[in-house]
Amino acid sequence: MKVKIKILLFGMLTDMAGKAFVEIEFANNIDVNTDTLMKKVIELYPEFRKVNFIIAVNKKVISENQLITVDDEVALLPPFAGG
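Now for a look at the structure at hand. Within each chain, residue numbers correspond to sequence positions counted from 1 in written order. Per-residue local features are limited, in this predicted model, to residues with pLDDT of at least 70; the limit for side-chain atom pairs, both in listing and counting, is 80 or more; totals at the level of whole chains, interfaces and linings are taken over all residues. Water and hydrogen atoms were dropped before computing side-chain values, which therefore reflect all heavy atoms in the structure.

Remarks on the environment of L76
Here a helix means four or more residues in a row that DSSP labels H or I, a strand means two or more in a row labelled E, and each is numbered from the N terminus. Mapping L76 onto the fold places it in strand β5 (residues 74-77). Throughout this description, buried means an accessible area under 20% of the type-specific maximum (1.4 Å probe, protein chains only), exposed means over 50%, and partly exposed covers the range between. A relative accessible area of 0% places L76 in the buried class. Taking the C-alpha atoms as reference, L76 lies 13 Å from K19; in sequence the two are 57 residues apart.

Remarks on the pairing of strand β3 (residues 54-57)
Pairing geometry for β3 and β5, over four bridges, is antiparallel. What sits directly across from V57, in β5, is V74. Where β3 meets strand β4 (residues 60-62), three bridges bridge the pair, whose relative direction is antiparallel. By the bridge assignment for β4, A56 is matched with V61. Criterion used throughout: strands pair if DSSP finds at least two bridges between them. Count of turn residues in the β3/β4 antiparallel hairpin: two residues, of which N58 carries a positive phi of about 55°.

Regarding unusual backbone geometry
Positive phi, normally seen in glycine, also occurs at N58, with a value near 55°. One can find N58 in the loop between β3 and β4. The exposure class of N58 is partly exposed, given its relative accessible area of 40%. In this structure, K59 is a non-glycine residue whose phi angle is positive, near 65°.

Let's talk about the packing of aromatic side chains
Here is the rule: rings of Phe, Tyr and Trp (six-membered ring for Trp) pair when centre to centre is within 6.5 Å. Planes less than 30 degrees apart are stacked, more than 60 are edge-to-face, and the remainder are tilted. Per the counting criterion, the structure on display carries two aromatic pairs. In this structure an aromatic cluster arises from ring pairing among Y45, F48 and F53. Its end group placed over the ring of F21, K6 keeps NZ or CZ at 4.2 Å from the ring centre. Think of it as a cone above the ring: NZ of Lys or CZ of Arg counts as a charge over the ring if it is within 6 Å of the ring centre and within 35 degrees of the ring normal.

Describing the environment of K60
One can find K60 in strand β4. According to the relative accessible area criterion, K60 is exposed, its value standing at 60%. Along the chain, K60 and V74 lie 14 residues apart, while their C-alpha atoms are 9.3 Å from each other.

Things to note about the pairing of strand β1 (residues 2-9)
Burial along β1 is one-sided: the face carrying V3, I5, I7 and L9 is buried and the face carrying K2, K4, K6 and L8 is not. Relative to strand β2 (residues 21-27), β1 runs antiparallel, the two sharing seven bridges. Opposite I5, over in β2, you have I24 as the bridge partner. Both β1 and β5 contribute to a ladder of three bridges, which runs parallel. What sits directly across from I7, in β5, is V74.

Given below as structure tokens:
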């Protein structure tokens, strides 16, 4: 059985991907972590390398590698402008 992790996209990442989220599939016998997940995302969307973005897991910004489960909410957040 395979595991799918859903990643919410925001801002210019949504425009670049042409959709508001992507799903990345993994074999269920591997530990999925944020580093592995980002490698897969960049493979699918190499243009994301041009954008600085942060990763949030369950609405908390993370700064180091972290295990992810299928129930976690993962989001990629590019810089926001506003005022």
